[in-house]
Amino acid sequence: MDCITGGMSQQSRSLRGTMEEASVRVLLIVAAVLSFSTKQVLPAALTVSPSRSQFFKGDSVSLSCEENNSSAGWTVWRNTTRETRTQCGDGWGKLAGSTCKITLYPLDSGVYWCWSSREGAASSSIQLTVTGGSVILQSPVLPVMEGDDVTLSCLTETTPSNLPAAFYKDGSFIGTEPKGHMTLHHVTSSDEGLYRCNIRGHGESPSSWISVEVVAAVPSCSTKQAALTVSPRRSQFFEGDSVSLSCEENSSSAGWTVWRNTTRETRTQCGDGWGKLAGSTCKITLYPADSGVYWCSSREGAASSSIQLTVTGGSVILRSPVLPVMEGDDVTLSCLTKTTPSNLPAAFYKDGSFIGTERRGHMTLHHVTSSDEGLYRCNIRDHGESPSSWISVQGQQILSLL
């Protein structure tokens, strides 16, 4: 009996040891997956110093990309009224270590973000506004947490910034403060909106959007994120073209809406002066002023990756992918004219350098890699040149668990 008991005890210990070893291996695999996933879904944050969204002409600002207290591999990019998707040091800004320093002028107004070509990832974007006027609104450049107090300050360029100021939200007067500072207490999603201020005898500030981030009640291992789909699937359009934009999350669009930043307005949603809602789709007849950054945003405060749409009043566009392409894929670029058959000889350029002429106006990039990433444009003799569009290449993500 003792022998049987001992044998059973030994088998039990052996089985328990095997199970414990298996459990440890499973935990290691899960940890590896979580570590891999965390590395992939946590983007860098763009920090701004001084931390505000409006600046006077001639002000200086420092922009930095930080990911887990590191900035390796991340650079600052922007879209403005004069250029599309350029990085710090490429005709604007000065790199000082991991920081981009800029002396600002009104043409520097635009959308800024961090981009990692190594990871194929982008941070959330922010809007910076530079005015040649004499009044700005000092407000948070990043989303504020629900329940926080937020102070808005109406500042003048030359006089002491404690003058009486009137404040407006979404175009409506909300109050006057004798010292030019208004505090919004315990903000909620209802405080989200477009704010500006006015100082009598000095002028009015530009408008800036204040975003309120709702505190999540239950932490989640993964954040649901919608994808913005564009039809037709390209990033450049002729004036008068129509486009449909849809937000899709697991084949559903519930709770997501299309938003945009353009040269004439900051953070407005479809139906608010532009576009027409048709079910879950936003339909737009496009004009050059509709050029800008578009994205999906949810009621929970989540946002999709943004895309850049460019609308030209000219006669030539470059048809290229609006979304990142996978490494190893073939990518065809087409140089199109508005009125004539689009099979004319065209010259193609990447990052400003000539890369070839195609007699029928179509160039195929075979088995693309990260070296194919860049800013492309095309030219058709006697018709003109297209705007530039960025092509992003996304690396294949391979996870091996041993």
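Rules of the game
Residues numbered from 1 in each chain as written. Predicted model: local features only at pLDDT ≥ 70, side-chain atom pairs only at ≥ 80, totals over all residues. Heavy atoms only, no water. Helix = DSSP H or I, 4+ residues; strand = E, 2+ residues; numbered from the N terminus. Buried < 20%, exposed > 50% of the residue type's maximum accessible area, 1.4 Å probe, protein only. Polar contact = N/O pair within 3.5 Å; in protein donor to acceptor, adjacent residues only side chain to side chain. Contact = heavy atoms within 4.5 Å. Pairing = 2+ DSSP bridges. Phe/Tyr/Trp six-rings, centres within 6.5 Å; stacked < 30°, edge-to-face > 60°. Core = buried A, V, L, I, M, F, W, Y, C linked by side-chain atoms within 4.5 Å. Salt bridge = Lys/Arg side-chain N within 4 Å of Asp/Glu carboxyl O. pLDDT = per-residue confidence, 0-100. Disulfide = S-S within 2.5 Å.

## A few points about the side chain of Arg260
Right, on to step 1. Tracing the sequence through the fold places Arg260 in strand E24 (residues 256–262).
Right, on to step 2. Of the residues examined, Arg260 reaches a relative accessible area of 0% and is grouped as buried.
Right, on to step 3. Here Asp290 takes part through its side chain, which lies 2.8 Å from a polar atom of the side chain of Arg260.
Right, on to step 4. Ignoring any residue separated from it by four or fewer positions in sequence, one finds Arg260 in contact with Glu265, Thr266, Arg267, Thr268, Trp274, Asp290, Val293, Tyr294 and Trp295.

## Section: the sheet that holds strand E25 (residues 268–269)
Right, on to step 1. The strand order across the open sheet formed by five strands is E22-E29-E28-E24-E25, and the pairing between neighbours is mixed. Of all the strands in the sheet, the pair left with one neighbour each is strand E22 (236–238) and E25.
Right, on to step 2. Relative to E25, E24 runs antiparallel, the two sharing two bridges. Within E25, the residue paired with Trp259 across the bridge is Gln269.

## Re the packing of aromatic side chains
Right, on to step 1. Enumeration over the complete set of coordinates arrives at six aromatic pairs.
Right, on to step 2. Between Trp92 and Tyr112 the ring centres are 5.8 Å apart and the planes differ by 85°, which places this aromatic pair in the edge-to-face class. In this pair, Trp92 is assigned in the loop between strand E5 (86–87) and strand E6 (94–96) and Tyr112 in strand E8 (residues 110–116), connecting sequence segments 20 residues apart.
Right, on to step 3. For Tyr112, a relative accessible area of 0% puts it in the buried group.
Right, on to step 4. Taken together, a centroid distance of 5.4 Å and an interplanar angle of 70° make the contact between Trp209 and Trp259 edge-to-face.

## Quick look at the nonpolar core
Right, on to step 1. Counting residues in hydrophobic clusters, the biggest one holds 21 residues, and the most contacted among them are Leu245, Val258, Ile284 and Tyr294.
Right, on to step 2. For this core, the secondary-structure elements that each account for two or more residues are strand E21 (227–231), strand E23 (242–248), E24, strand E27 (281–285), strand E28 (292–298) and strand E29 (307–312).
Right, on to step 3. With sequence-adjacent residues up to four places away left out, Ile284 is seen in contact with Asp241, Ser242, Val243, Leu245, Trp274, Gly275 and Tyr294.
Right, on to step 4. Judged by nonpolar contacts, the second largest core, of 20 residues, contains Ala44, Cys88, Leu104 and Leu128.

## A short note on the environment of Glu265
Right, on to step 1. Tracing the sequence through the fold places Glu265 in the loop between E24 and E25.
Right, on to step 2. Filtering out sequence-adjacent residues up to four positions away, Glu265 remains in contact with Arg260 and Trp274.

## Some points on the pairing of strand E35 (residues 362–365)
Right, on to step 1. Here E35 shows a clear split, with Met363 and Leu365 buried on one side and none of His362 and Thr364 buried on the other.
Right, on to step 2. Alignment of strand E32 (residues 331–337) against E35, held across four bridges, turns out to be antiparallel. Residue pairing in the sheet places Leu333 in a bridge with Met363 of E35.

## What to know about the pattern of salt bridges
Right, on to step 1. Going through the model one piece at a time under the given rule, you end up with eight salt bridges.
Right, on to step 2. Here Lys169 ties to Asp170 by a salt bridge, and the two come within 3.1 Å at their closest N and O atoms.
Right, on to step 3. Note that Asp351 is salt-bridged to Lys350, the shortest N-O span being 3.2 Å.
Right, on to step 4. Relative accessible area serves as the criterion here: at 45%, Asp351 is assigned to the partly exposed category.

## Regarding unusual backbone geometry
One can expect most non-glycine residues to show negative phi and most peptide bonds to be in trans.
Right, on to step 1. The omega torsion across Ser49 and Pro50 is 0°, close enough to zero to call that bond cis.
Right, on to step 2. In this structure, Pro50 sits in the loop between strand E1 (45–49) and strand E2 (54–56).
Right, on to step 3. In this model, Ser231 is joined to Pro232 through a cis peptide bond whose omega is 0°.
Right, on to step 4. Its place among the elements puts Pro232 in the loop between E21 and E22.
Right, on to step 5. One non-glycine residue, His367, lies in positive phi territory at about 50°.

## Side note on the confidence of the model for the chain
Right, on to step 1. Per-chain confidence: the chain averages 80 in pLDDT, with 79% of residues scoring 70 or above.
Right, on to step 2. Under a pLDDT of 50 for its full length, residues 1–42 has, in the predicted model, 11 contacts with residues more than four places off or in other chains.
Right, on to step 3. Across residues 217–223, confidence stays below pLDDT 50; counting only partners more than four residues off in sequence or on other chains, it has zero contacts.

## With respect to the state of the cysteines
Right, on to step 1. This model, assessed by the stated rule, comprises six disulfides.
Right, on to step 2. Covalently, Cys88 is tied to Cys100 through a disulfide, its sulfur atoms 2.0 Å apart. Because the torsion about its S-S bond is 90°, the bridge between Cys88 and Cys100 counts as right-handed. Linking Cys88 in the loop between E5 and E6 with Cys100 in strand E7 (residues 99–103), this pair joins segments that are 12 residues apart in sequence. The same class applies to Cys88 and to Cys100, which are both buried.
Right, on to step 3. With a sulfur-sulfur separation of 2.1 Å, Cys335 is cross-linked through a disulfide to Cys378. Disulfide Cys335 to Cys378: torsion about the S-S bond roughly 85°, handedness right-handed. Highlighted residues: Cys335 in strand E32 and Cys378 in strand E36 (residues 374–380), separated in sequence by 43 residues.
Right, on to step 4. Taking relative accessible area as the criterion, Cys335 reaches 0% and is therefore assigned buried.
Right, on to step 5. Disulfide connectivity for the chain, with bonded cysteines indexed by sequence position, reads 1-4, 2-3, 5-6, 7-10, 8-9, 11-12.

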